[in-house]
Amino acid sequence: MRNGLSAGAWLLAFVRSVLHLLWMVVTIVPWATFAIIASLFVSPTRMYWICAGWLKTAVSGGQWILGIRNRITGFENLPHGELDAAVLLVKHQSTWETLVMPAIMPHPLAYVFKRELLYIPFFGWSMARMDMIHIDRSQGARAFAKVVQQGRRLLKQGNWVIMFPEGTRIPRGGVGNYKSGGTRLAIACGAPVVPIAVTSAKCWPRKAFVKRPGIVDISIGKPIPTEGRQADELMREVQAWIESEMHRLDPEAYPGLK
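Model, not experiment: these values are computed from the prediction. (Residues numbered from 1 in each chain as written. Predicted model: local features only at pLDDT ≥ 70, side-chain atom pairs only at ≥ 80, totals over all residues. Heavy atoms only, no water.)

Please explain the overall build of the chain as it appears in this structure.
For the chain, the helix and strand inventory stands at seven helices and seven strands. Helices and strands appear in the chain in the N-to-C order α-α-β-β-α-β-α-β-α-β-α-β-β-α. A globule of 258 residues ought to have a C-alpha radius of gyration of about 18 Å, and the chain, at 18 Å, matches this closely. In the chain, which comprises 258 residues, the share counted as buried stands at 50%. Of the contacts formed within the chain by residues at least 6 apart in sequence, a portion of 74% connects residues at least 24 apart. Taken as a whole, the chain presents about 12,800 Å² of accessible surface, with 59% of it coming from carbon and sulfur. Where the 30 positive side-chain charges of the chain centre and where its 17 negative ones centre are 8 Å apart. (Helix = DSSP H or I, 4+ residues; strand = E, 2+ residues; numbered from the N terminus. Rg over C-alpha atoms; globule rule 2.2 N^0.38 Å. Buried < 20%, exposed > 50% of the residue type's maximum accessible area, 1.4 Å probe, protein only. Contact = heavy atoms within 4.5 Å. Areas by Shrake-Rupley, 256 points an atom, 1.4 Å probe, with all protein chains shown as cover. Lys, Arg positive; Asp, Glu negative; His and termini not counted. Charge placed at Lys NZ, Arg CZ, Asp CG, Glu CD.)

This is the structure:
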């Protein structure tokens, strides 16, 4: 038995994981090359949807090759207007949610990410051509000022900013340190925050190469207004909702709690 799987099931999962990795590598090279060239001629919004097309391809590959299915609830909670702003604050357990969110969201998303990702061949190169927020974390306060400046501009254009408040991938059943950067940004920009719980580690564990077939629940909470709120207090509310939802969606991950 490996990670609760029989030898046969683990071997099948391993083969599927290899095939999915190959699928992503084989598709990203021509797609990113096309996107980089297209970025010279198309608008930032059009460029986003070109790149989101590859992410949909990666997610579709995950569904058919890995056997991972998404079950989405609360989609009606998302803002409906074309220019309605939102800052999405998402539970972070694996790479899966970074692939899935642009594939399912109706608005262009602007990730806040460390600039080192731009150096990843093809993937990072195409990200560099997108209108997102990449920061140098060593700059501290100046980095956050850049986030607010760019975030305000993107939100006014109808893009939604997406952040992982725990900052890094958290093991299944774990709780990271929820940092208030996302709520600080939302308050500064006058945008509501939308908490999102994701049980991706059930199928795609943190730092694991072998993925399991199964269902990933994505639960979208109601927008929380930010007017008159304090960033730390608002983030505690976001954390409470997300973690409560994680307990409901994945009770096996929290065996000590009823």
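Picking up after the structure, the text goes on.
Sorry if this is basic, but what is going on with helix 1 (residues 7-38) here?
Each full turn of the α-helix corresponds to 3.6 residues, which orients residues three or four apart in the same direction. For helix 1, built from 32 residues, the straight-helix expectation of 46 Å at 1.5 Å per residue is met to within 8% by its first-to-last C-alpha distance of 46 Å. Along helix 1, the sharpest change in direction is near 30° and occurs at Ile 28; proline Pro 30 comes one to four residues later. Inspection of helix 1 places Trp 10, Ala 13, Ser 17, His 20, Met 24, Thr 27, Ile 28, Ala 32, Ala 35, Ile 36 and Ala 38 among the buried residues, and these make up the whole buried set. (Expected span 1.5 Å × (residues − 1). Bend = angle between axes of the 7 residues up to and from the residue.)

Is there a simple way to explain the side chain of Thr 57 in this structure?
Positionally, Thr 57 belongs in helix 2 (residues 44-66). Once you skip the residues sitting within four places of it in the chain, Thr 57 turns out to touch Trp 23, Thr 27 and Trp 31.

Where do I start with the pairing of strand 5 (residues 160-163) in this structure?
Residues in a regular strand point their side chains to alternate faces of the sheet. Of the two faces of strand 5, the one holding Trp 160 and Ile 162 and the one holding Val 161 and Met 163 are both buried throughout. In terms of strand pairing, strand 2 (residues 87-90) meets strand 5 through three bridges, oriented parallel. Each bridged residue has a counterpart across the sheet, and for Leu 88 the counterpart in strand 5 is Ile 162. Bridge count for strand 3 (residues 109-114) against strand 5 is three bridges, and the pairing is parallel. Paired with Ala 110 across the bridge in strand 5 is Val 161. (Pairing = 2+ DSSP bridges.)

Whenever I open this one, the packing of aromatic side chains confuses me. Can you help?
Here a ring pair, both rings aromatic, is described through the centre-centre distance and the interplanar angle of the planes. Counted under the stated rule, the structure contains five aromatic pairs. Taken together, the ring pairs connect Trp 10, Phe 14 and Phe 209 into an aromatic cluster. The ring centre of Trp 64 lies 5.4 Å from the NZ or CZ of Arg 69, which sits over that ring. Directly above the ring of Trp 204 sits Lys 211, whose terminal nitrogen or CZ lies 4.5 Å from the centroid. (Phe/Tyr/Trp six-rings, centres within 6.5 Å; stacked < 30°, edge-to-face > 60°. Lys NZ or Arg CZ within 6 Å of the ring centre and 35° of its normal.)

Even after reading the chapter, I still don't get unusual backbone geometry, so can you show me in this structure?
Working note: non-glycine residues mostly have negative phi, and peptide bonds are mostly trans. Despite not being glycine, Lys 207 shows a phi value in the positive range, around 60°. Here Lys 207 is to be found in the loop between strand 6 (193-198) and strand 7 (214-220). The exposed category is assigned to Lys 207, whose relative accessible area is 64%.

Looking at this structure, how should I read the packing of helix 2 against helix 3 (residues 96-104)?
At a minimum axis separation of 8 Å, helix 2 and helix 3 run at an interaxial angle of 125°. With respect to helix 3, the axis of helix 2 lies oblique. Judged by the sense of rotation from one axis to the other, the crossing of helix 2 with helix 3 is left-handed. Residues Tyr 48, Trp 49, Ala 52, Trp 54, Leu 55, Lys 56, Ala 58, Val 59, Gly 62 and Gln 63 of helix 2 touch helix 3, and the partners they reach there are Trp 96, Leu 99, Val 100, Pro 102 and Ala 103. In the contact of helix 2 with helix 3, the residues fall into twelve nonpolar, two polar and one charged. (Axes fitted to C-alpha atoms, helices over the stretch in contact; angles between N-to-C directions. Parallel < 35°, antiparallel > 145°, perpendicular 65-115°, else oblique. Left-handed = near helix turned anticlockwise from the far one by under 90°. Nonpolar A, V, L, I, M, F, W, Y, C, P; charged D, E, K, R; others polar.)

Is there a simple way to explain the nonpolar core in this structure?
Nonpolar side chains tend toward joint burial in soluble globular proteins. The biggest cluster of nonpolar side chains holds 44 residues, and the ones touching the most others in it are Leu 88, Met 101, Met 105 and Ile 196. Listing elements by their share of this core, those giving two or more residues are helix 1, helix 2, strand 2, helix 3, strand 3, strand 5, strand 6 and strand 7. Among the elements that line this core, the one with the most residues is helix 2, at ten residues. In this view, Leu 88 contacts Leu 78, Met 105, Leu 109, Trp 160, Val 161, Ile 162, Met 163, Val 194 and Ile 196; residues no more than four positions away in its chain are not counted. Counting 29 residues, the second largest nonpolar core, distinct from the first, contains Val 147, Val 148, Met 163 and Leu 249. (Core = buried A, V, L, I, M, F, W, Y, C linked by side-chain atoms within 4.5 Å.)

By themselves these figures say nothing about function.
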